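# Secondary and tertiary structure notes
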Amino acid sequence: MNFLEAIQSPDDLRKFPPDALPHLAREIREFMIDVVSTTGGHLAPSLGTVELTIALHYAYNTPTDKIVWDVGHQAYTHKILTGRRDRFETLRRYGGISGFPRISESNYDAVSAGHASTSISVALGLARGRDLLGQNHAVVAVIGDGAMSGGLSFEGLNNLGASRTNLTVVLNDNEMSISRNVGALSRYLTRVITDKRYYKIKSEIWDMLGKLPNVGKSIRSLVHGVDDSLKHLLIPGKFFQDLGLRYLGPVDGHDIGAMLEIFNSVKKFSNEPVLVHIITKKGKGYRFAEENATKFHGVGSFSKTTGEIIVPKGKTPSYSEIFGSTLSEIAATRPEVVAITAAMRDGTGLAKFSKEFPDRFFDVGIAESHAVTFAAGLALKGLRPVVALYSTFLQRTFDQILHDVALDGLPVVFCIDRAGLVGDDGPTHHGAFDLSFLRIIPGALIMAPRDEEQFRKMLFTALSYDKGPSFIRYPRGSGTGASLTSPLKALPIGTSEDLVKGENVALLAAGDFVQLALRAREFLVEKGINPAVIDPRFIKPLDEHRFSTLWNEFPFIVTLENNTIEGGFGSALLSLAAESGAKRFPRFLRLGLPDRFIQHGDLPHLLSDLRLDPASLADRIGNFVRGE
Ligand SMILES: Cc1ncc(C[n+]2csc(CCOP(=O)(O)OP(=O)(O)O)c2C)c(N)n1
C-alpha cells in the first residue's frame, strides 16, 4: 500500500495509526531520493530528519502549532507532508518550489529560512508574541548541532533560558555540519551521546530523587553544590539545564515512537523552555549519503544506483578550486599566510590547503562574525589571514569588517565566493549585495575578476597589499577555462583595462559579467552599434585616471554587474562622473540585479527573466542609445 499518496496534509497523517509511521518513513525516503537524484538538493540533511518530521507533525497540531526549521535545508519531508508532494519534482527549479521554507509558499512554513542559527531567536519571538496576544499554541524550533554552534543561537538560548516561556528546541545532533562539526559545544554533545547509557541510568535516578518528597529535594540541592564533573554524571545536558532549559534526551531521532512519547509529554509543560536532544544519522537510509554525508549535503543530480554525481562533460575548474590551489601555491613560500573558513571547507575550495597546511587552517564552524574578528587578531600578530566566505554569509559580518578590521587598516584578505546569482538556492543565497555594502567601507580594496587567470593575479595582489582589508568577489561555478599559465603578478592598484575599442558607447562590466558584456557586444555589432568594453578590475578604488577622460570620449555609458544596481559598481561610477566636472555629462544606464529579491532557478532562466542575457542586454542597450 502506498501511504504517502493518501497524505495531502498533516491532518491525513494524523489519521494513521502510530505503527504505520515507520512504513511511511520508508516511502518518503524512496520518493525523496528519486526526486533529488534529478533535481539536486540538500539530500543528506533531509534524509536525517524523516522520522523527526513525521513525529512533529503527528504530535503537534500544525499549522496552528509552529515548526521553525533552522537553515531549512532539512525540511524536504515537511514539504512533502504539507501539500507539496505533487510539486516536489519542481524542487529548486525555476518557477518550482523553493529548497527552503518560505512563508509565501505554504502556511505550514512558519518562518522563511536559508541562513543558519536563526531558529531559536525567531521562535522565541513567535512564542513571546503568542503570550502577549493571549494565544495558545506550541512553538518548536528544530536546529542542527552545526547551526547551534553559531553565535546567534547562543544569543537566542541566553534569552530563551531567562524567559520562562513555552518553547521547545529540538536539537538535531548528527555530529556533522557540512563537514564534521567543530568546536567545544560539539565536543560536549559528543560526550553526552557517548555517555548515553550511563546518563539514562543516572537520569532515572535523578528523576526518582525529584519525586521523593523533601528528601529528594534536599539531595538534589546537595548535588547542585558538588563538583562539576560529578554533576555532569548526574545531570544529562547540564549545559542547557544551567541556561534554564529543561533538557530531555538524548533520544534516537529515527525512533518515531520514542520521539512521540517525548513530544506528547513536552506539550504538557506550559511555562518552561525545553530542549529535546535527538541523535540522527545524516544521510540515513541511502547508503552513499550515509557513507559520504558531506558530498550529499548539497548535491547536484546523481545516479541513484551508483551515487556518482552527474558532471557535465568538459567542465573547467570552479573558481573555488582555483582559489584553493592558488592559495596553496602562494602559501608554500609565505608561512605567514593562514586560511579561515566558517564551516565551508569544501565549498570554498580549502580542502587542499587544510591538508597541506593543517596548522595554518582554521574551520571556526558556522561563525562568520567570529571568523572575521578572529582574523583581525591574527593580522595584529603579523599573519596574513585569508577569510573565505560565501557572499551571502559575509552579510552577517559587516560590523566585524568595519569595526574590527577596517578601522585599523588590518590587511585581512576576503575571498568572497558565490558572489552574484547562485541559481537554485534562491534569494537567501544570491550574493547580490556585497559590492554595495563593502564599497562604503573606508580603505577597502575591492576587486572582481573577469576570469580565473585574473582571479589568481587578484589573489596575489591582495596578499601583496598591506594597507588595509582587500576583497575579491567571484561567482559560483566554473570560470571561462582561461589559461592559468601566466606568472602570478600583482596588478597595479586601481587600474582598469580597455578590452575592446569602440565608439559612442562604453560598456563597463564588473567581474564575471565582463563575459556577458562581450557576448552582448556581438549582438550590438549586428545592430550597427560598436561599444567599447572596459573591465574596471577594481571596484574600489576606481581607475580615476582612466575614467577622467571617459566622459568626453563616450556620450553613452553603460555599466553591468552581478550585484544589485543599488549602490554597486554602476552607482560608484555614476558618482565619479557626476563629480568629475566634465563639460559634457554622458547619459548613464546602470544594468545589474534589480532592486528586489530574486527567486530561485537555473541561471539561464534567471538571466533571461531579468533581461540580462546577451540578446536582451543588447536590446536594452540599443534602445538606450537610440533614446527609446
Ligand atoms: C550563516 C550560514 N552559514 C553557512 C551556511 C551554510 N550551511 C548550510 S547547512 C550548514 C550545516 C548545518 O549543519 P547542521 O545545523 O548540523 O545541520 P545538518 O546539515 O547537519 O543537518 C551550513 C554550514 C548557512 N546556511 N548559513
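Worth saying up front: this structure is predicted, and the values here are computed from it rather than measured.

## Let's talk about the nonpolar core
Formed by 59 residues in total, the largest nonpolar core has its most connected members in Leu43, Ile54, Phe88 and Phe263. In terms of residue count, helix α2 (residues 21-39) provides more of this core than any other element does, 9 residues in total. Leave out the neighbours within four places in its chain, and Ile54 touches Leu13, Leu21, Leu24, Ala25, Ile28, Thr77, Leu81 and Ile256. Core analysis: the second largest hydrophobic core is formed by 47 residues, Ala375, Ala379, Ala406 and Phe437 among them.

## Topic: the pairing of strand β11 (residues 470-473)
Alternating positions in β11 separate into two faces, Ser470 and Ile472 on one and Phe471 and Arg473 on the other, with burial throughout. Summarising the sheet, strand β9 (residues 413-417) and β11 pair through 4 bridges and their orientation is parallel. Among the inter-strand pairings, Cys415 is bridged to a residue of β11, identified as Ile472. Strand direction decides the pairing type here: strand β10 (residues 445-447) and β11, joined by 3 bridges, are parallel. When the bridges of β11 are listed, Leu445 appears paired with Ser470. Assessed by its sense of winding, the connection that carries the chain from β10 through helix α22 (residues 452-464) to β11 is right-handed.

## Focus: the domain arrangement of the protein
Taken domain by domain, the protein consists of domain 1 (4-196 + 240-291), domain 2 (319-473) and domain 3 (497-625). Taken over C-alpha atoms, the centre of domain 2 sits 26 Å from the centre of domain 3. On the domain 3 side, the residues contacting the 32 residues of domain 2 number 32 residues. In total, about 2,400 Å² of surface goes out of reach between domain 2 and domain 3, with carbon and sulfur atoms giving 57% of it. Counting the surface domain 2 buries against domain 3, the share from its top three residues, Leu421, Arg439 and Arg450, is 34%.

## Focus: the site of the ligand
Neighbouring residues of the ligand: 22 residues in total, closest His73, Gly146, Met176, Lys282 and Glu368. Contact between the ligand and His73: an oxygen atom at 2.7 Å from a side-chain N or O atom of the residue. Take Ala116: an N or O atom from its main chain is 2.9 Å from a nitrogen atom of the ligand. In isolation the ligand has 590 Å² of accessible area, and contact with the protein removes 98% of it. Here the shell around the ligand is composed, by residue class, of 10 nonpolar, 8 polar and 4 charged. In terms of domain composition, the shell around the ligand takes at least three residues from each of domain 1 (4-196 + 240-291) and domain 2 (319-473).

## Details of the pattern of salt bridges
In total, this model carries 28 salt bridges according to the counting rule given. Between Arg537 and Glu497 there is a salt bridge, with the nearest N and O atoms lying 3.2 Å from each other. With Arg537 in the loop between β14 (532-535) and β15 (538-540) and Glu497 in strand β12 (residues 497-500), this pair connects stretches of sequence that are 40 residues apart. The buried category is assigned to Arg537, whose relative accessible area is 10%.

## Digging into unusual backbone geometry
Between Thr62 and the following residue, Pro63, the backbone shows a cis peptide bond with an omega angle of 5 degrees. Turning to its location among the elements, Pro63 is positioned in the loop between α4 (50-59) and β1 (66-69). Look at the link from Lys540 to Pro541: it is a cis peptide, with omega at -5 degrees. Here Pro541 is to be found in the loop between β15 and α24 (544-547). The phi dihedral of Glu175 falls on the positive side, at around 60 degrees, and the residue is not glycine. Among the structural elements, Glu175 can be located in the loop between β3 (167-173) and α9 (184-194).

Reading the values: rules and limits
Residues numbered from 1 in each chain as written. Predicted model: local features only at pLDDT ≥ 70, side-chain atom pairs only at ≥ 80, totals over all residues. Heavy atoms only, no water. Core = buried A, V, L, I, M, F, W, Y, C linked by side-chain atoms within 4.5 Å. Buried < 20%, exposed > 50% of the residue type's maximum accessible area, 1.4 Å probe, protein only. Helix = DSSP H or I, 4+ residues; strand = E, 2+ residues; numbered from the N terminus. Contact = heavy atoms within 4.5 Å. Pairing = 2+ DSSP bridges. Right-handed = clockwise from strand over helix to strand, strands pointing away. Domains from an automatic or database assignment. Buried area = accessible area lost by both parts, 1.4 Å probe. Near = heavy atom within 4 Å. Polar contact = N/O pair within 3.5 Å; in protein donor to acceptor, adjacent residues only side chain to side chain. Areas by Shrake-Rupley, 256 points an atom, 1.4 Å probe, with all protein chains shown as cover. Nonpolar A, V, L, I, M, F, W, Y, C, P; charged D, E, K, R; others polar. Salt bridge = Lys/Arg side-chain N within 4 Å of Asp/Glu carboxyl O.

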